[in-house]
Amino acid sequence: MEKNSEVVNEDVVVENLNEELENEIVSDETISEETNISEDGDIVKEFTVKLQEEENKRLRLLADYENFKRRVNLDKEALQKYRSQNILTNLLPVLDNFSRALSLEAKSEEVSSMMTGMEMIYRTLLDALEAEGLVEIEAEDKDFDPNFHQAIMTENDPDKPSGSVLEELQKGYMLKDRVLRPSMVKVNE
């Protein structure tokens, strides 16, 4: 029986030794894996940083593209809105000449009928220009505004408030919300 117990003891000892060896091997593998993981972790961190940088570049490019599209759309809208600016600016002297001609008094019947015809032409022209967005700037008896008025003379009128427009010397015009020509005015001191 002693042999059996020795064999059993030897088997137990061998099993214990095997377990210890396996534990040592496993711990060596674990150390080796941890080393690889730390090296892999550095690589992962590096790639994560690069990925974030590339994502930021992509987002900036997308934002730049959206801004570009918005600017192009705004430019298109402004171009469409103010497409008639050049022709209207060129026609302003024609309106001035019509106004001057119509301000004259007709002394004969023939001149009176011609003035009526000119007034009809002037009204038709003015209606067509207003349809394009031309707006006359109101000036007389308004407060002077350098955005819409150009002061070329001053006068002192005690009956009117200081800084008000006394007289409009030349009409000013706007195209929608843009000033084509400011009104030339006489301002109260």
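Going by the structure above, here's the rest.
Summarised in this report is the structure supplied together with it.

1. Overview of the overall build of the protein chain
Then, number 1: A count of helices and strands for the protein chain gives three helices and six strands.
Then, number 2: The secondary structure elements of the protein chain, listed N-terminal to C-terminal, are α-α-α-β-β-β-β-β-β.
Then, number 3: Here the protein chain, with 189 residues, has 16% of them falling under the buried criterion.
Then, number 4: Contacts in the protein chain between residues at least 24 apart in sequence constitute 62% of all its contacts with a sequence separation of at least 6.
Then, number 5: Approximately 14,600 Å² of the protein chain is accessible, and the part contributed by carbon and sulfur atoms is 54%.

2. Digging into the pattern of salt bridges
Opposite charge on two side chains lets them pair, provided their charged atoms get close.
Then, number 1: Scanning the model with the defined rule gives 13 salt bridges in all.
Then, number 2: Here glutamate 46 makes a salt bridge to lysine 50, at a shortest N to O gap of 3.6 Å. Separated by four residues within a single helix, glutamate 46 and lysine 50 lie in helix α1 (residues 2-81), roughly one turn from each other.
Then, number 3: Under the relative-accessibility criterion, glutamate 46 is labelled partly exposed at 44%.
Then, number 4: Among the ionic pairs, arginine 83 bridges to glutamate 132, the shortest N-O distance being 3.5 Å. Of this pair, arginine 83 sits in the loop between α1 and α2 (85-102) while glutamate 132 sits in the loop between α3 (109-131) and β1 (134-137), placing them 49 residues apart in sequence.
Then, number 5: Each member of the salt-bridge network shares a partner with another, and the members are Glu155, Glu167 and Lys186.

3. Describing unusual backbone geometry
Then, number 1: Its identity is not glycine, yet aspartate 141 carries a phi of approximately 65°, on the positive side.
Then, number 2: Structurally, aspartate 141 can be placed in the loop between β1 and β2 (149-155).
Then, number 3: Its identity as a non-glycine residue notwithstanding, lysine 176 has a phi of 55°, on the positive side.
Then, number 4: For lysine 176, the location among the structural elements is in the loop between β4 (172-175) and β5 (178-181).

4. Quick look at the sheet that holds β4
Then, number 1: Spatially, β1-β4-β5 is the arrangement adopted by the three strands of the open sheet, whose pairing is antiparallel. If you trace the sheet from one side to the other, it starts and ends with β1 and β5, each paired once. In this sheet, neighbouring strand axes are inclined to one another by 35° on average, regardless of whether the strands run parallel or antiparallel.
Then, number 2: Looking at chain direction, β4 and β5 are connected through three bridges and run antiparallel. Across the sheet, residue methionine 174 finds its bridge partner in β5, namely valine 179.

5. Let's talk about the packing of α2 against α3
Then, number 1: It is the contact of α2 with α3, at a shortest axis distance of 10 Å, that shows an interaxial angle of 150°. Between α2 and α3, the angle falls in the class roughly antiparallel. α3 is crossed by α2, and the crossing has left-handed handedness. The segment α2 lies against α3, with Leu88, Leu91, Val94, Leu95, Phe98, Ser99, Ala101 and Leu102 engaging Met115, Met118, Glu119, Ile121, Tyr122, Leu125, Leu126 and Leu129.
Then, number 2: Residue classes in the contact of α2 with α3 are distributed as 14 nonpolar, one polar and one charged.

6. What to know about the environment of valine 185
Then, number 1: In this fold, valine 185 is placed in strand β6 (residues 183-188).
Then, number 2: The sequence separation of valine 185 and glutamine 170 amounts to 15 residues, and the corresponding C-alpha distance is 7.1 Å.
Then, number 3: Beyond its immediate stretch of four places on either side in the chain, valine 185 contacts Ala139, Phe144, His149, Gln150, Ala151, Ile152, Met153, Val165, Glu167, Glu168 and Leu169.

7. Description of α2
Then, number 1: Over its 18 residues, α2 runs 25 Å from end to end, which matches the ideal 26 Å to within 8%, given 1.5 Å per residue.
Then, number 2: Taken as a whole, α2 carries its principal kink of about 30° at leucine 91; the proline proline 93 stands between one and four residues after it.
Then, number 3: Residues Leu88, Leu92, Leu95, Asp96 and Phe98 constitute the buried set of α2.
Then, number 4: Lining the buried residues of α2 we find α3, β1, β3 (165-170), β4 and β5.

Criteria and thresholds
- Numbering of residues starts from 1 in each chain and follows the order in which that chain's sequence is written.
- Two thresholds apply to this predicted model, a pLDDT of at least 70 for residue-level local features and 80 or more for giving and counting side-chain atom pairs, whereas whole-chain, interface and lining totals are computed over all residues.
- Where side-chain values are given, they derive from all heavy atoms of the structure, hydrogens and water being excluded.
- Strands are runs of DSSP state E lasting at least 2 residues, helices are runs of H or I lasting at least 4, and numbering of each runs from the N terminus.
- Relative accessibility under 20% of the residue-type maximum defines a buried residue, over 50% an exposed one, and the middle range a partly exposed one, all with a 1.4 Å probe and only protein chains included.
- Here a residue-residue contact requires only that any non-hydrogen atoms of the pair lie within 4.5 Å.
- Exposure was quantified through the Shrake-Rupley algorithm and a 1.4 Å probe, taking into account, for residues, occlusion by the shown protein chains and nothing else.
- We define a salt bridge as a contact between a side-chain nitrogen of Lys or Arg and a carboxyl oxygen of Asp or Glu at a distance within 4 Å.
- Two strands are said to pair when DSSP picks up at least two bridges between them.
- With axes taken as lines fitted to C-alpha atoms, and helix axes fitted only over the stretch in contact, angles between N-to-C directions fall between 0 and 180 degrees.
- Roughly parallel means an angle under 35 degrees; roughly antiparallel means over 145; roughly perpendicular covers 65 to 115; every other angle is labelled oblique.
- Crossings are classed by handedness, with left-handed meaning an anticlockwise turn of the near helix from the far one by less than a right angle and right-handed meaning a clockwise turn.
- Under the convention adopted here, Pro, Cys and the residues Ala, Val, Leu, Ile, Met, Phe, Trp and Tyr are nonpolar, Asp, Glu, Lys and Arg are charged, and Gly plus all remaining residues are polar.
- A helix is expected to span 1.5 Å for every residue after the first.
- One axis fitted to the seven residues ending at a residue, another fitted to the seven starting there: the angle between these axes is the bend at that residue.

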